[in-house]
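# Coordinate inspection notes
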Amino acid sequence: MSDHPDDISKHVRGYLIIGGTLILGTILTVLASYIDLGHHWNIVLALVIATAKASLVALFFMHLISEKQMIYTVLAFTTFFFIGLMFLTVGAYFNYPALTATH
């Protein structure tokens, strides 16, 4: 990695673009909160925007975009099991036994 000023300014420019994109994503999240899509769809939209923003942070600020294959494999397994646990949680929430009092 070189410390030449042109190389550093190229990285700073990229960080500023990603930072601006994150600010735009935050503004988009706030604006989306005023749109009534139905309770569940508003949550889905907010989570999609948050996932995109988290991906930008992980890829560029945490430098995962230039990592080796092993990092991506571990990340894929983590994502797979996280999604599986979320489906189990939501499934358990809606799977009440018969004659169960719900609030």
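For the structure itself, consult the block above.
Bear in mind the structure is a predicted one, so any value in this text is a computation, not a measurement.

## Focus on the packing of helix α1 (residues 5-33) against helix α2 (residues 39-61)
At a closest axis distance of 10 Å, the pairing of α1 and α2 adopts a crossing angle of 170 degrees. Accordingly, the angle class assigned to the pair α1 and α2 is roughly antiparallel. Residues Y15, I18, G19, T21, L22, G25, T26, L28, T29, A32 and S33 of α1 lie in contact with α2, whose contacting residues are N42, L45, I49, K53, L56, V57, F60 and F61. In terms of residue class, the contact of α1 with α2 is made up of 11 nonpolar, seven polar and one charged.

## As for a nonpolar patch on the surface
On the surface, F82, I83, L85, M86, F87 and L88 cluster together to form a nonpolar patch covering roughly 660 Å² of accessible area. Positionally, I83 belongs in helix α3 (residues 69-94). The class for I83 is partly exposed, based on a relative accessible area of 41%.

## Some points on the packing of aromatic side chains
Evaluation of the coordinates by the stated rule reveals two aromatic pairs. Ring geometry for F80 and F81: centres 5.3 Å apart, planes at 75 degrees, overall edge-to-face. Overall, F80 belongs to the exposed group, its relative accessible area being 56%.

About the thresholds
Residues numbered from 1 in each chain as written. Predicted model: local features only at pLDDT ≥ 70, side-chain atom pairs only at ≥ 80, totals over all residues. Heavy atoms only, no water. Axes fitted to C-alpha atoms, helices over the stretch in contact; angles between N-to-C directions. Helix = DSSP H or I, 4+ residues; strand = E, 2+ residues; numbered from the N terminus. Parallel < 35°, antiparallel > 145°, perpendicular 65-115°, else oblique. Contact = heavy atoms within 4.5 Å. Nonpolar A, V, L, I, M, F, W, Y, C, P; charged D, E, K, R; others polar. Patch = residues over 30% accessible without salt bridge, like charges linked within 9 Å, V, L, I, M, F, W, Y side chains within 5 Å. Areas by Shrake-Rupley, 256 points an atom, 1.4 Å probe, with all protein chains shown as cover. Salt bridge = Lys/Arg side-chain N within 4 Å of Asp/Glu carboxyl O. Buried < 20%, exposed > 50% of the residue type's maximum accessible area, 1.4 Å probe, protein only. Phe/Tyr/Trp six-rings, centres within 6.5 Å; stacked < 30°, edge-to-face > 60°.

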